[in-house]
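# Coordinates in review
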Amino acid sequence: MKKKLRVKRSKHIDETYKISFKFNGKLYYGFKGDTLASALLANDIHLVGRSFKYHRPRGIMTAGSEEPNAIVQLHNNSAWTEPNVRATEVEIYEGLEASSQNCWPSVNFDVGGINNFLSPLLPAGFYYKTFMWPASFWKKYEYFIRKSAGLGKSPTKADPDIYEHRYIHCDVLVIGAGISGIISAKTAAKNGFKTLLVDEKPYLGGSTIYQNSEYFKINNQNSGSWLEKEINEIKKIENLEIKTRTSVAAYHGYNYLLARENLTDHLPIERRKNKTRHKLLKIRAKKVVTATGSIERPLIFDNNDRPGILLSSAIKKYADLFGVACGEKNILFTNNDSAYETAISLIQKGINVGAIVDNREKVDSKLIYEVEKNNVKIFKGHTIVNTYGYKRINKISIMQLSKDGQNVIGSKIDLSCDCLGISGGWTPAVHLFTQSGGKLKFRDEDQVFIPNIYPSDQISVGACNGDLTLDSILVNVPKSLKDFLNIKNNVYENFDVLSSHNNFKRNIWLLPSNKVLGKTKSFVDYQNDATAKDIKLALREGFKSIEHVKRYTTTGMGTDQGKLGNMHALGIISETSEAKMGELGTTTFRPPYTPLTFGTIVGRNVGEYFDAYRKTPIHEWHVKNRAKFENVGQWKRAWYYPKNNENMFQAVQRESKAARESAGILDASTLGKIDIQGTDASEFLNRVYTNAWSKLQIGKCRYGLMLNEDGMVYDDGVTTRLGENHYLMTTTTGGAANVLGKLEDYLQTEWPELDVYLTSVTDHLATISVCGPNSKKIISEIFPSLDLSDKNFPHMSFKKTKIGKIHCRIMRISFTGEQSYEINVQANFGKSVWEKCMEVGKNYNITPYGTETMHLLRAEKGFIIVGQDTDATMTPIDLQMDWIVSKKKYDFIGKRSLYRSDTIREDRKQLVGLLTDNPNEILEEGSQIVSDINKSPIEMLGHVTSSYFSPNLKKSIALGVVKGGKNMLGQKLIIPMENKKINVTVTDPVFLDKENKRLNA
Amino acid sequence: MFLINCPFCGEREQSEFKAGGEAHIVRPKQPTELSDDEWAEYLFMRKNIKGIQYERWNHIHGCRKWFNIVRDTSNDEIKAVYKMGEKPPI
Ligand SMILES: [Zn+2]
């Protein structure tokens, strides 16, 4: 027989607006306003998932973001799929498809359920101990464990949605729009503060908005109606911005907060197109009011996790807000007055309340008298000792508690039910407060942690500050706001409050049972299946710190971060180890408060906007001529230019040969360029480079090596003296920004007395390098008036000239070992000058070459590339570049480090050339180099840093770093590969033209 | 994320700045006179205090100026900001 569970009209539910949705493939109906959880409950579905470890059937437990069990996957197998979504937060829409996720093959028949019977094998520390299983045992189960464990499936298709980031600056941010938040927002806004009010739910008013009881009144109206009027009023305030469906994910220092505003998740998928799904709000607030309320605690007893067991407050919310009865025969189990509020709400709506089990002996409470009037049986001083029903609760057993609450006495009474509400009192939601760095204190009388020391300009108000009753909220919130905002007049004065709560709570962290502990399954963390027994086991095994117990038992480590059970875990530790709660400390809550999808974090930085990239002024030409590009830092650099069907190897061989036989042309615009001016420019270069600069003549160029203070090579490049007090420094492409930063650092902090000015001109100039035996002819045709004779324009010098009206700086410098000219022009003329070179060079088969050929050509000459042949452990001496280190200069950056005990060791890794015995064998860059393959362990002498097949030498060449390599010339070494070993000989790193004849050929 | 009061530009987000380690470590004027140990002290040894720490920061995405701050590392409170070459105000 179909149960009638939709009980009474609620303002929140639009019964004229029917919505169909699918759960686990089956079609159901709900109404506008329903969450997935409320709609499922209205369809009498409690079983929605399986627990993580034991795969026990689990039902909806809460009505909010703290939900540990009802975790579902939306729109499985589509691009819109999303795992780990709380059914209690999903607003239903037409076409919604949700499925249980932690079960296989189905929620009703789950293979992993066997873990429940194997549970003695799966104790605390299961995941750690797993690795100690015999390997054969592990292999057998791995397949099934992998298949049946895990939390949802990550999407395999690209995220179709749009995400954005937005910065918000406000005077006052109020987090949470319950009664305390509404009061705070109105007070702040009415006093002129630019205020932002956010709440994770789609509606305002928190749990008060559906409070419709004669026992809770404000100024003679029931509290729900009073608050509704307040909400309508604050919506009109101009300097108050209100955002619903907006969950604060993180609270960082200096009142910097991240919140996710959810804009389309409640809409049918076809209506989300071209709309922003989430906005990540980056909020900087002068002041923050946290009004995040409180979360009801469960009670810890044997089998407290069956479907049909909910928090008492959730049952109330489903009835009051959604008009849904969670069961036809409800029993409530409590240690405080809250369950009676639920009972009164249910009775009002004609929902059966079978009994209330209250662990308190004697309580004087108006709420209890009201419930008793309705002939509900109340078992005082009792506790539940067990529950029954595999996929849905159907019975509980209760027993009387001893006076001290440590034991049960008398005989068992069985009560049948289809729904059990549990209430263990309330835990202030201090998550965001602690994220911000706030320190908590423990309040003994009701066993709660409340904010104590604030690290920034902020305040917690209402339930999250420990004011858990209506009267205390209405007295304390306006008062603390007055001080916090430093205002003269309160917006609210003298409430007339009726609050019928009796605050007495009988707190027993782990309720006693008639069974021994080892035989009970009393869940503390529902999502990760951590029981009281596990926590006690961890303590027996010697874990003392709460952080260790947490990791060992996995308590609080689920996607819900243990919002329900962390306090009980602490309580049980405290009782067992006889340590005071306040002294145990708490575990740290980490952002995000509820999970964020990656799209929200990334925002618009996807696809081509993922990272900025830089193009040279000649980029379009390279694209047109079908260059392949490589990323160098943020630069897109032409890598090689394949012709016809050439592969990379073939293209590079052709380009390399052409550059040495006739002419090559390279776009070198990405090289870092720093303009250095000032009367102390020469002295400055003397201090930053290893060689001497004072005597460099105007119009000459010099290669320099820059070290860190630790003596390791940092950057290199050619610097040209343009004038008496004017230099142009070039740096490596990748190092440009860092070099400029480092030079600025020294100028500003160590040598402020130097008159030197640095300007980055990398983007201002295009640099075109023409090299090869015919380069001089090409340059002379382009610049007919320029005297290119070796006497007038020798290697390592510079000339100023013009093409038409375009000013050019030409440097005769070479990174290839060929005669070569670098033309620097204003960036916007770069492409036309390049095209001019191509046109003139046609007769000489001028061949554009990319970075790969550049690397090959310089390797033939044994020139290093900083960052490829060096890492942060190579000194100039290690590189066999002693010639560039000035012996005469008193000081330069890194000099003193070149004769530290470590840097003068003979057995440091040193740069050498490597030639393979087989000239056609090309080494893999990064391969290890060894000498003795039979030794165990094999001693690693170094590795290959650069390796190419040289078309000009017609053999394979490589550079590498080898321990003591300098003194190993001619020695045989071995490169061990996966299925072979390659024999190599150590050589000088310069393979071609050792005498530098080609520079002036 | 901190708000840092650049002495040249005013209050800006931390993301505009780069941290540069401990402040007031002076590069020795005569490195060649130093023993290995003395040079290593300058080169490698840095304080990591829970409490008041003097730090160098660079407004890298702003005026590119280096300056010093006094920060309480236990709660990240910036107690003072001052220019290079100036004495720490506290
Ligand atoms: Zn600045």
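Residues numbered from 1 in each chain as written. Chains lettered and ligands numbered in written order. Predicted model: local features only at pLDDT ≥ 70, side-chain atom pairs only at ≥ 80, totals over all residues. Heavy atoms only, no water.

### Structural notes on the pattern of salt bridges
Which entries qualify depends on this criterion: The term salt bridge refers to a side-chain nitrogen of Lys or Arg lying within 4 Å of a carboxyl oxygen of Asp or Glu. Put simply, DSSP marks the helices as runs of H or I at least four residues long and the strands as runs of E at least two long, and each gets a number from the N terminus on. Burial here depends on accessible area, computed with a 1.4 Å probe over protein chains only, as a share of the maximum for the residue type. Under 20% is buried, over 50% is exposed, and the range in between is partly exposed.
Applying the stated criterion across every chain yields a total of 63 salt bridges over all chains. With a closest N to O distance of 2.7 Å, B:Arg56 and A:Asp745 form a salt bridge. Of this pair, B:Arg56 sits in strand β4 (residues 52–58) while A:Asp745 is found in helix α20 (residues 736–750), placing the two residues in two different chains. Taken individually, B:Arg56 and A:Asp745 each receive the classification buried, so the pair is uniform in this respect. Members of the salt-bridge network, linked through shared partners, are A:Asp878, A:Asp902, A:Arg905, A:Asp907 and A:Arg908.

### Some details on the interface of chain A and chain B
Often, the extent of an interface is quoted as the loss of accessible area upon association of its parts. Our working definition: By definition in these notes, contact holds between two residues if any of their heavy atoms fall within 4.5 Å. Each of two parts loses accessible area, computed with a 1.4 Å probe, when they are put together; buried area is these two losses added. Whenever a nitrogen or oxygen atom comes within 3.5 Å of another N or O atom, the pair is scored as a polar contact, on the condition that within protein one atom can donate a hydrogen and the other can accept it, and that pairs from neighbouring residues in sequence are kept only if both atoms are in side chains. Side-chain classes follow a simple rule in which Ala, Val, Leu, Ile, Met, Phe, Trp, Tyr, Cys and Pro form the nonpolar group, Asp, Glu, Lys and Arg form the charged group, and the remainder, Gly included, forms the polar group.
Contact with chain A, which involves 27 residues of that partner, is made by 27 residues of chain B. Where chain A abuts chain B, roughly 2,400 Å² becomes buried across the two surfaces, and 46% of that area is made up of carbon and sulfur atoms. Inspection of the chain A/chain B interface yields 19 residue pairs in polar contact (both at pLDDT 80 or more). Across the side of chain A that touches chain B, the residue classes break down as nine nonpolar, eight polar and ten charged.

### What about the environment of A:Val353?
All names here are of chain A. Residue position: valine 353 is located in strand β19 (residues 353–358). Residue classification places valine 353 among the buried residues on the basis of a relative accessible area of 9%. For the pair formed by valine 353 and lysine 329, sequence separation is 24 residues and the distance between their alpha carbons is 6.1 Å. Once residues lying within four places of it in the same chain are set aside, the contact partners of valine 353 are Asn330, Leu332, Ala343, Leu346, Ile347 and Val376.

### Considerations on the coordination of the zinc ion
Residues and elements named next belong to chain B. To keep it simple, the criterion reads: Only nitrogen, oxygen and sulfur atoms count as donors, using a 2.8 Å cut-off from the metal that widens to 3.2 Å for Na, K and Ca. Water is left out, so coordination shells may look unfilled. A four-donor site is called tetrahedral if each angle lies between 85 and 135 degrees; a four-donor site is square planar, and a six-donor site octahedral, when trans pairs exceed 155 degrees and the remaining angles lie between 65 and 115; all other cases are labelled irregular.
Here the zinc ion is held by the protein donor atoms Cys6 (SG), Cys9 (SG), His59 (ND1) and Cys63 (SG), which lie 2.0 to 2.3 Å from it. Relative to the metal, the four donor atoms surrounding the zinc ion lie at angles of 105 to 115 degrees, and the coordination shape comes out tetrahedral. All donors of the zinc ion come from a single chain, and their spacing in sequence reads C-x2-C-x49-H-x3-C. Placement of the pair is cysteine 6 in strand β1 (residues 3–6) and histidine 59 in the loop between β4 and β5 (66–72), with a sequence separation of 53 residues. The exposure classification of cysteine 6 matches that of histidine 59, with both residues buried.

### Some details on the side chain of B:Glu22
Residue and element names in this part refer to chain B. Tracing the backbone through its elements, the reader meets glutamate 22 in strand β3 (residues 18–22). Its relative accessible area of 18% is what places glutamate 22 among the buried residues. Ignoring sequence-local partners within four residues, the contact set of glutamate 22 consists of Arg46, Lys47, Tyr54 and Arg56.

### Section: the packing of helix α5 (residues 179–190) of chain A against helix α11 (residues 470–485) of chain A
When two helices pack together, their arrangement is given by the angle between the helix axes and the distance between those axes. Residues and elements named next belong to chain A. Our working rule: Simply put, an axis is a line fit to the C-alpha atoms, just over the touching stretch for a helix, and the angle between two N-to-C directions goes from 0 to 180 degrees. Angles are sorted into four bins: roughly parallel if under 35 degrees, roughly antiparallel if over 145, roughly perpendicular if 65 to 115, and oblique for all others. Take the far helix as your reference; a near helix turned counterclockwise from it by less than a right angle gives a left-handed crossing, and one turned clockwise gives a right-handed crossing.
Relative to each other, α5 and α11 sit at 30 degrees, their axes nearing to 10 Å. By the criterion of interaxial angle, the relationship of α5 to α11 is roughly parallel. In this structure, the crossing between α5 and α11 has a hand that is right-handed. On the side of α5, the interface is formed by Ile179, Ser180, Ile183, Ser184, Thr187 and Ala188, while α11 contributes Leu470, Ile473, Leu474, Val477, Leu481 and Leu485. Its residues placed into classes, the contact of α5 with α11 shows nine nonpolar, three polar and no charged.

Scope: geometric values only; no functional claims are made or implied.
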